[in-house]
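What the coordinates show
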Amino acid sequence: AQTVTQSQPEMSVQEAETVTLSCTYDTSESDYYLFWYKQPPSRQMILVIRQEAYKQQNATENRFSVNFQKAAKSFSLKISDSQLGDAAMYFCACIQGAQKLVFGQGTRLTINP
Amino acid sequence: EPEVTQTPSHQVTQMGQEVILRCVPISNHLYFYWYRQILGQKVEFLVSFYNNEISEKSEIFDDQFSVERPDGSNFTLKIRSTKLEDSAMYFCASSELEGNSPLHFGNGTRLTVT
């Protein structure tokens, strides 16, 4: 069965600093996709970044980047120059084949001014 | 940018009543989904829908649940006889293609069963 694990229930970072959120996953498939979603207090689910498993190059989106280690089944999210608006729950998710997206437990990120 | 819209934003119902949660997916998307998030817990897959039929469903999606795309634009989730444990945030999502196409989520409907 496909599983996604986020071992950090909470993280905090000083504004303008860099923070890394951890995620590990388990899948038996060779072709799959990984995502990070952000859920602010409004409860909306917002796509932050995605990574195709067949690509070795780490995805980047402005201040957000991932460290994808396929052999270790690790998919961490790095947020650079943290801003107050980055405060949210962050969910790592994995999808394979038909569209059943499996989420991790989430990490609550707090930004300290 | 096109959005997935969900109505209502908050629904309060009594145990045993039927509720219908409504969603309008992004117009050119082909795959539609419902997810659920009980307060303080992770988001859980309920069902996926493609070509006017369910393509996959979780064990949560029992006979009390049904989905429908009645008119080509709306995508609904019906809970036939609500239970207290159905209280959760329900998210609709859609995607353009299978596989690497990301899911776009709506803002969710908070369902409270009393």
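Keep in mind that what you see is a predicted model, and the values were worked out from it rather than measured.

**With respect to the state of the cysteines**
Evaluated as defined, the whole model comprises two disulfides over all chains. At a sulfur-sulfur separation of 2.0 Å, the disulfide partner of C23 of chain A is C92 of chain A. Where C23 of chain A bonds to C92 of chain A through sulfur, the torsion about that S-S bond is close to -70°, and the disulfide is left-handed. Placement of C23 of chain A in the loop between β3 (19-21) and β4 (24-26) and of C92 of chain A in strand β10 (residues 88-95) is noted, with a sequence separation of 69 residues between them. Note on accessibility: C23 of chain A and C92 of chain A belong to one class, buried. Bridging C23 of chain B to C92 of chain B, the disulfide has an S-S length of 1.9 Å. With the S-S bond torsion at -65°, the cross-link from C23 of chain B to C92 of chain B turns out left-handed. Placement of C23 of chain B in strand β3 (residues 19-24) and of C92 of chain B in strand β9 (residues 88-95) is noted, with a sequence separation of 69 residues between them. Free of any disulfide, C94 of chain A has its nearest neighbouring cysteine sulfur in C92 of chain A, separated by 7.7 Å. Under the relative-accessibility criterion, C94 of chain A is labelled buried at 0%.

**Some points on the side chain of D86 of chain B**
Among the secondary structure elements, D86 of chain B is positioned in the loop between β8 (75-79) and β9. Excluding residues within four positions of it along the chain, D86 of chain B makes contact with R36, F65, I79, S81, L111 and V113 of chain B.

**Considerations on the interface of chain A and chain B**
On the side of chain B, 23 residues touch chain A, which itself brings 20 residues to the contact. Across the interface of chain A and chain B, roughly 2000 Å² is buried in total on both sides, 55% from carbon and sulfur atoms. Linking chain A to chain B there are zero salt bridges. Taken together, the connections running from chain A to chain B amount to five residue pairs in polar contact (both at pLDDT 80 or more).

**Concerning the pairing of strand β5 (residues 33-39) of chain A**
Residues and elements named next belong to chain A. Counting buried positions over the seven residues of β5 gives seven, a clear majority of the element. Residues Y33, F35, Y37 and Q39 point to one face of β5 and L34, W36 and K38 to the other, with burial holding for every one of them. Of the strand pairs in this sheet, β5 and strand β6 (residues 46-52) are connected by six bridges, and their pairing is antiparallel. In the strand pairing of β6, K38 is matched with I46.

Conventions used here
Residues numbered from 1 in each chain as written. Chains lettered and ligands numbered in written order. Predicted model: local features only at pLDDT ≥ 70, side-chain atom pairs only at ≥ 80, totals over all residues. Heavy atoms only, no water. Disulfide = S-S within 2.5 Å. Helix = DSSP H or I, 4+ residues; strand = E, 2+ residues; numbered from the N terminus. Buried < 20%, exposed > 50% of the residue type's maximum accessible area, 1.4 Å probe, protein only. Contact = heavy atoms within 4.5 Å. Buried area = accessible area lost by both parts, 1.4 Å probe. Salt bridge = Lys/Arg side-chain N within 4 Å of Asp/Glu carboxyl O. Polar contact = N/O pair within 3.5 Å; in protein donor to acceptor, adjacent residues only side chain to side chain. Pairing = 2+ DSSP bridges.

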